[in-house]
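Structural characterization, general
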Amino acid sequence: MDQHALLLLRHGQTEWSAMGRHTGRTDLPLTAVGERQAHAAGRTYALMHRGGSPALVLSSPRQRAVRTAELAGLPVDETTENLAEWDYGDYEGMTTTQIREKVPDWTVWSHPMPGGESAGQVTSRADKLLERVRAALVERDVVLVGHGHFSRVVIARWLGLGADAGVSFRFDPASITVLGDERGEPQIQHLNVPPS
């Protein structure tokens, strides 16, 4: 019997993501481009999903994620704050360039987020989510519809790495990443597959 897989789908483009602005708790809609990306992601998912029983689909409650799932043809079983984007706190809505005017060499991976979530808090949230995912994978595939930075932390934690290892994984809007294992060892099966 084939093992079940964890598929991560990042939401489509928003006005802020197109501009490189950090978007955590702000609830922005998809742009027209983002909606087209989400439709295309559904076609990519159809090619990648192994069939069999329907996947368990969990989504961030932010409209950009829920709408991406809808347009991709993925009925959401549940929304959960555990899939929300990293809370950027005082840096919400700012670009990296703007933040670096105050904090040279700043990255989300290496510096604190004043008023937002620490790397430890994000790690704890990802671990809690993955505990639930692993239990569900016994029965069927799982799809997580979420955001860029948090999904990259999920990838890192799947591999047993620290949250800061997320810097090594690219994850573009409406792309899909597939996580699984080989003989019990966690692996990335597909990374950042663009919408077709």
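Residues numbered from 1 in each chain as written. Predicted model: local features only at pLDDT ≥ 70, side-chain atom pairs only at ≥ 80, totals over all residues. Heavy atoms only, no water.

**Some remarks on the pairing of strand β5 (residues 176-182)**
Across a regular strand the side chains alternate sides, sitting on one face of the sheet and then on the other. Applied cut-off: Three exposure classes are used, based on accessible area relative to the maximum for each residue type with a 1.4 Å probe and protein chains only: buried under 20%, partly exposed in between, and exposed over 50%. Counting from the N terminus, the helices are the DSSP runs of H or I reaching at least four residues and the strands are the DSSP runs of E reaching at least two. Note: two strands are recorded as paired if DSSP finds a minimum of 2 bridges between them.
Within β5, five of the seven residues are buried, leaving the element largely enclosed by the surrounding structure. Both strand β1 (residues 6-10) and β5 contribute to a ladder of four bridges, which runs antiparallel. Counterpart to L6 in the pairing with β5 is L179. In the sheet, β5 pairs with strand β6 (residues 185-193) via six bridges, with the strands oriented antiparallel. From the neighbouring strand, G180 faces β6, where its bridge partner is Q187. Hairpin connection of β5 to β6: two residues between the antiparallel strands, including R183 at a positive phi of 50°.

**A short note on the nonpolar core**
So the rule is basically this: The term nonpolar core refers to a set of buried residues drawn from Ala, Val, Leu, Ile, Met, Phe, Trp, Tyr and Cys, joined through side-chain atoms within 4.5 Å. For this analysis, residues touch if any pair of their heavy atoms sits within 4.5 Å.
Ranked by internal contacts, the top residues of the largest apolar core, which has 34 residues, are L6 and L144. Of all the secondary-structure elements, those providing two or more residues to this core are β1, β2 (56-59), α5 (119-137), β4 (142-146) and α6 (148-158). If one sorts the elements of this core by residue count, α5 sits on top with seven residues. Here L144 is in contact with L6, L7, L8, L9, L58, L83, L129, V133 and V154, once residues within four sequence places are set aside. Core analysis: the next-biggest nonpolar cluster, separate from the first, contains 16 residues, A5, A41, A69 and V145 among them.

**Concerning α6**
Side chains three or four residues apart in an α-helix point the same way, a direct result of the helix having 3.6 residues per turn. Counted residue by residue, α6 has ten buried out of eleven residues, so it is predominantly covered. Those residues of α6 not exposed but buried are G148, H149, F150, S151, R152, V153, V154, I155, A156 and W158. As for α6, its buried residues are in contact with β1, α5, β4, β5 and β6. Among the residues trailing α6, G160 stands out with phi positive, at a value near 80°.

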